[in-house]
Amino acid sequence: MPAKPSRRTTAAVDVYEVADGQRHRHPDTVVREVEVWLKLDGRLRQRLFCLPANMEDLSAGYWASRGVATSRPRVTHTAKAVVLSAQKLGAFSFPGPASDITITEGQVLEFVEALDRDSQVFRKTGGTHVVGLFCGSQVVSVEDVSRHCAVDKVIGLAIGEGLDLQRAVLVTSCRQTMSTMLKAVNGHIPVVITVSAPTDLAIKKATESGVTLVGFARGQRFNVYSHAWRIVRTPR
């Protein structure tokens, strides 16, 4: 479950709020963002910008979603960035996707409601995406300023918790594009639900890869864009 917002993930600022022709100065809270350098076998491979939390999960999920198994990263801090240094251990092999998993229409809405309850940093700052993985009674979720980093972090967290990703449902507050859908496909996650919109390439990739993609899951409605057989009616 997500941690409560802390000074590590938020920062205090002063703002001028202009409303109804009046200007007021007051303190506010914003989300923090740091630069992260991902190193593999001593070489700088990627620069990212994200919330300064779940750093080890970010490294594990980023490389695992690209088929690379790594050591636990060494985390260091420089004047410019947080550096995550890992060693390649070989290929990361996920089990094949479980094509028989189904969830009910009611569960789709329940997962979205649960994700909203986990949006603690968003409620405080309005500046994050929240992403969760639901696997039976097990639930992990993270928030981040970057939707890509949020998906990587939740995959890394799930791996560390021993969740079976081929039986999991990925739920996100962000739109689904080809880049985020590829992370789910590479992780063999069979169901992806988003509160927002999918792109045409995300729908195409989900359809080709056997992934059920649900979009605009808000209130009491949602759209199913691919492999709708996995969404069954809620028993009355």
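Now for a quick tour of the structure. (Residues numbered from 1 in each chain as written. Predicted model: local features only at pLDDT ≥ 70, side-chain atom pairs only at ≥ 80, totals over all residues. Heavy atoms only, no water.)

### Some thoughts on the side chain of T212
Next, step 1: The topology assignment puts T212 in strand β14 (residues 212-218).
Next, step 2: A distance of 2.8 Å separates a polar side-chain atom of T212 from the backbone oxygen of H227.
Next, step 3: The residues touching T212, leaving out its near neighbours within four places in the chain, are P190, V191, V192, V224, S226, H227, R230 and I231. (Helix = DSSP H or I, 4+ residues; strand = E, 2+ residues; numbered from the N terminus. Polar contact = N/O pair within 3.5 Å; in protein donor to acceptor, adjacent residues only side chain to side chain. Contact = heavy atoms within 4.5 Å.)

### A look at the environment of D14
Next, step 1: You can see D14 is positioned in strand β1 (residues 10-19).
Next, step 2: Of the residues examined, D14 reaches a relative accessible area of 53% and is grouped as exposed.
Next, step 3: Spatially, the C-alpha atom of D14 lies 6.9 Å from that of R25, the residues being 11 residues apart in sequence.
Next, step 4: Aside from chain neighbours lying at most four places away, what touches D14 is R25, H26 and P27.
Next, step 5: Of the polar contacts made by the side chain of D14, one reaches the side chain of R25; its length is 3.5 Å. (Buried < 20%, exposed > 50% of the residue type's maximum accessible area, 1.4 Å probe, protein only.)

### Comments concerning the pattern of salt bridges
Next, step 1: Counted by the stated rule, this structure contains seven salt bridges.
Next, step 2: Between R72 and E56 there is a salt bridge; the shortest N-O distance is 2.7 Å. With R72 in the loop between β5 (68-70) and β6 (74-77) and E56 in helix α1 (residues 55-64), the pair connects residues that are 16 residues apart, well separated along the chain. (Salt bridge = Lys/Arg side-chain N within 4 Å of Asp/Glu carboxyl O.)

### Section: the sheet that holds strand β7 (residues 82-86)
Two strands in a sheet stick together by hydrogen bonds in their backbones, pointing the same way (parallel) or opposite ways (antiparallel).
Next, step 1: Taken together, four strands build an open sheet; the order of strands is β4-β3-β7-β6 and the sheet is mixed. Where the open sheet ends on each side, the last strands, each with one partner, are β4 (43-50) and β6. When strand polarity is set aside, the average angle formed by the axes of neighbouring strands in this sheet is 25°.
Next, step 2: Where β6 lies against β7, four bridges are found, and the strand directions are antiparallel. Considered in β7, the bridge of V75 is made with L84. (Pairing = 2+ DSSP bridges. Axes fitted to C-alpha atoms, helices over the stretch in contact; angles between N-to-C directions.)

### A short note on the pairing of strand β3 (residues 34-40)
Next, step 1: Burial analysis of β3 places six of its seven residues in the buried class, the great majority of the element.
Next, step 2: Both β3 and β4 contribute to a ladder of seven bridges, which runs antiparallel. Across the sheet, residue L38 finds its bridge partner in β4, namely Q46.
Next, step 3: Linking β3 to β4, which pair antiparallel, is a turn of two residues; within it D41 sits at a positive phi near 55°.
Next, step 4: Note: β3 against β7, five bridges, orientation parallel. Paired with L40 across the strands is A86, a residue of β7.

### Focus on the packing of aromatic side chains
A ring pair, where both rings are aromatic, is described by two values, the distance of the centres and the angle of the planes.
Next, step 1: Under the defined criterion, the tally for this structure stands at two aromatic pairs.
Next, step 2: Ring plane angle 90° and centroid distance 4.9 Å describe the contact between Y62 and W63, whose orientation is recorded as edge-to-face. As far as burial versus exposure is concerned, Y62 and W63 are alike and both buried.
Next, step 3: Judged by centre distance (4.5 Å) and plane angle (25°), the ring pair of F111 and F134 falls under stacked. Taken together, the positions of F111 in helix α2 (residues 105-117) and F134 in strand β10 (residues 129-135) put the pair 23 residues apart, joining distant regions of the chain. (Phe/Tyr/Trp six-rings, centres within 6.5 Å; stacked < 30°, edge-to-face > 60°.)

### Let's talk about the packing of helix α5 (residues 178-186) against helix α6 (residues 200-209)
Next, step 1: With their axes 8 Å apart at the nearest point, α5 and α6 run at an angle of 20° to one another. One way to sum up the angle between α5 and α6 is to call them roughly parallel. For the pair α5 and α6, the crossing hand works out as right-handed. Contacts between α5 and α6 involve M178, M181, L182 and V185 on the former and, on the latter, L201, A202, K205, A206 and S209.
Next, step 2: Classifying every residue of the contact of α5 with α6 gives seven nonpolar, one polar and one charged. (Parallel < 35°, antiparallel > 145°, perpendicular 65-115°, else oblique. Left-handed = near helix turned anticlockwise from the far one by under 90°. Nonpolar A, V, L, I, M, F, W, Y, C, P; charged D, E, K, R; others polar.)

### So, α5
Side chains that are three or four residues apart share a direction in an α-helix, a result of its 3.6 residues per turn.
Next, step 1: Listed in full, the buried residues belonging to α5 are T180, M181, K183, A184 and V185.
Next, step 2: Just past α5, the residue H188 takes up positive phi, approximately 55°.

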